[in-house]
Amino acid sequence: MCGSTQSTRLWVAKGFEWSRCDVCHGLQVTHLPTQETLDELYNKHYYEGYKENYDMSRYVDYIGQRAFIQGNLTRRVTWARKHLALAGQSTWLDVGCAAGFLLDVVREHGFSPYGLDYSAFGPKYAQRELQMPNVRQGTIDRLPEDFPRAFDVVSYIDVLEHIPCPRDILQNSIDLVAPGGYLIGETFDPNSWFAQTSGAKWHAIDPPNHLNILSLKAIDDLMVSHGLNRVASASFPRTISIPTIASKLYRQAAPALYRSPLRNLGIPLWFNDVVIWMYRKS
Ligand SMILES: [Zn+2]
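Residues numbered from 1 in each chain as written. Predicted model: local features only at pLDDT ≥ 70, side-chain atom pairs only at ≥ 80, totals over all residues. Heavy atoms only, no water.

(A) Quick look at the coordination of the zinc ion. Those donors, Cys2 (SG), Cys21 (SG) and Cys24 (SG), are the protein atoms that reach the zinc ion, and they lie 2.2 to 2.3 Å from it. Positions of the donor residues of the zinc ion, expressed as sequence spacing, correspond to C-x18-C-x2-C. (Donors = N, O, S within 2.8 Å, 3.2 Å for Na, K, Ca; no water.)

(B) Inspection of the packing of helix α2 (residues 66–83) against helix α3 (residues 101–108) at higher detail. Two numbers describe how α2 lies on α3: the axes approach to 9 Å, and their chain directions differ by 50 degrees. Our classification of the angle between α2 and α3 gives oblique. In the crossing of α2 with α3, the sense of the turn from one axis to the other is right-handed. Listed contacts from α3 to Arg66, Ile69, Gln70, Leu73, Thr74 and Val77 of α2 are Phe101, Leu102, Asp104, Val105 and Val106. (Axes fitted to C-alpha atoms, helices over the stretch in contact; angles between N-to-C directions. Helix = DSSP H or I, 4+ residues; strand = E, 2+ residues; numbered from the N terminus. Parallel < 35°, antiparallel > 145°, perpendicular 65-115°, else oblique. Left-handed = near helix turned anticlockwise from the far one by under 90°. Contact = heavy atoms within 4.5 Å.)

(C) Examining the pattern of salt bridges more closely. Overall, the coordinates contain 9 salt bridges when judged by the stated rule. Among the ionic pairs, lysine 14 bridges to aspartate 206, the shortest N-O distance being 3.0 Å. In this pair, lysine 14 sits in the loop between β1 (7–13) and β2 (16–21) while aspartate 206 sits in the loop between α6 (193–198) and β9 (212–213), placing the two residues 192 residues apart along the sequence. Of the residues examined, lysine 14 reaches a relative accessible area of 57% and is grouped as exposed. Here aspartate 206 falls in the buried class, since its relative accessible area comes to 12%. Close ionic contact of arginine 230 with aspartate 220 constitutes a salt bridge, the shortest N to O distance being 3.6 Å. Separated by 10 residues along the polypeptide, arginine 230 in strand β10 (residues 228–234) and aspartate 220 in helix α7 (residues 216–225) bring together distant segments of the chain. For arginine 230, a relative accessible area of 47% gives the class partly exposed. Overlapping salt bridges bring together Arg66, Asp104 and Arg107 as one network. (Salt bridge = Lys/Arg side-chain N within 4 Å of Asp/Glu carboxyl O. Buried < 20%, exposed > 50% of the residue type's maximum accessible area, 1.4 Å probe, protein only.)

(D) Just α3, in detail. Across the 8 residues that make up α3, a large majority, 6, are buried. Within the sequence span of α3, burial applies to Phe101, Leu102, Leu103, Asp104, Val105 and Val106. Buried residues along α3 sit in contact with α2, β4 (91–95), β5 (112–117), α4 (121–129), β6 (135–137) and β7 (151–157).

(E) A look at the sheet that holds β2. Spatial ordering of the open sheet is given by β1-β2-β3-β9, a layout of 4 strands whose pairing is antiparallel. For this open sheet the edge positions go to β1 and β9, each flanked by a neighbour on one side alone. In terms of strand pairing, β1 meets β2 through 6 bridges, oriented antiparallel. Within β2, the residue paired with alanine 13 across the bridge is phenylalanine 16. (Pairing = 2+ DSSP bridges.)

(F) Spotlight on α2. For α2, spanning 18 residues, the distance from its first C-alpha to its last is 26 Å, which sits close to the expected 26 Å at 1.5 Å a residue. Of all the positions in α2, only Phe68, Ile69, Gln70, Asn72, Leu73, Arg76, Val77, Trp79 and Ala80 are classed as buried. (Expected span 1.5 Å × (residues − 1).)

(G) The sheet that holds β7, seen in detail. Read across the open sheet, the 7 strands follow the order β6-β5-β4-β7-β8-β13-β10; overall the sheet is mixed. Pairing within the sheet leaves two strands with one partner each, and these edge strands are β6 and β10. This sheet shows a mean twist of 15 degrees between the axes of neighbouring strands, independent of strand direction. Looking at chain direction, strand β8 (residues 177–188) and strand β13 (residues 274–281) are connected through 7 bridges and run antiparallel. For phenylalanine 188, the partnering residue across the bridge sits in β13 and is valine 274.

(H) Fine view of the nonpolar core. With 50 residues, the main nonpolar core has Trp18, Trp79, Trp92, Phe101, Ile184, Trp202 and Ile213 as its most contacted residues. Core analysis: the next-biggest nonpolar cluster, separate from the first, contains 31 residues, Val159, Leu214, Ala218 and Leu222 among them. (Core = buried A, V, L, I, M, F, W, Y, C linked by side-chain atoms within 4.5 Å.)

(I) Examining the environment of isoleucine 205 more closely. Mapped onto the secondary structure, isoleucine 205 falls in the loop between α6 and β9. Sequence separation between isoleucine 205 and asparagine 191 is 14 residues; the distance between their C-alpha atoms is 13 Å. What isoleucine 205 contacts, discounting residues up to four positions off in sequence, is Trp11, Ala13, Lys14, Trp18, Leu27, Gly199, Ala200 and Ile213.

(J) The arrangement of the packing of aromatic side chains in detail. Evaluated as defined, the whole model comprises 16 aromatic pairs. Taking the centre distance of 5.0 Å and the plane angle of 70 degrees together, the rings of tyrosine 47 and tyrosine 62 count as edge-to-face. With tyrosine 47 in the loop between α1 (35–43) and α2 and tyrosine 62 in the loop between α1 and α2, this pair connects stretches of sequence that are 15 residues apart. Residues tyrosine 47 and tyrosine 62 agree in their burial class; the two are buried. Geometrically, the ring pair formed by tyrosine 47 and phenylalanine 121 is stacked, given 5.3 Å between the ring centres and 15 degrees between the ring planes. Of this pair, tyrosine 47 sits in the loop between α1 and α2 while phenylalanine 121 is found in helix α4, placing the two residues 74 residues apart along the sequence. Residue classification places tyrosine 47 among the buried positions, given a relative accessible area of 8%. Of the residues examined, phenylalanine 121 reaches a relative accessible area of 24% and is grouped as partly exposed. (Phe/Tyr/Trp six-rings, centres within 6.5 Å; stacked < 30°, edge-to-face > 60°.)

What follows is the structure in structure tokens.
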């Protein structure tokens, strides 16, 4: 992320070796998985893990957990709105938008919603169930031809850690932000106390789902070098459903919990290891 090639090998977690950048202290898998591995991960029941013998590296039931996910996202949009200074009808592009749950919230706040997701599952749902024709399967290097060339807000919520080449993606994203517009992201902090004390057991260390944990300093340096300034940053709890928490601790219990009334209970968790940040283009 910072451009340095100096790194130190750390440990093997879930079959992948991880390294720490000597300069910015970001974490990354030493060897990226193949494109086929990633396609297999994101295209086959990634959002519907229950269809595949409860493989908990995926979402158990993304749509079924909509109330939790959208509650977490609403808290973030409400925070972001307080810091946005935009006039008139504004556009919001959410990259890695899944089923468009964040865009559903920003639409209520008056934005025109646009979304891209690597997997076909989410956009199909958003188009059909949320009436959002501008949520598409795709990536930002091939923006749909009928999309605007720039957006007032571009967001990456829980996305950058999944991407093999986050520096390229962030640089390209800066070009998609209109003058006076904003780039918003939420990422794990590899230099947080929780990360440093958890080591390989940190829940963010989750390959091949997560491939890199970006240093906030490296993100800041990249943004400032491209003429963006940080407007705000914060760290929020997120409410996690009981079956999801159970699935991490005792996988066999998850299906039974998910079929019980407990599926609708959640616990707010906060480890101060995730930061949402917002930069503005001058
Ligand atoms: Zn670095």
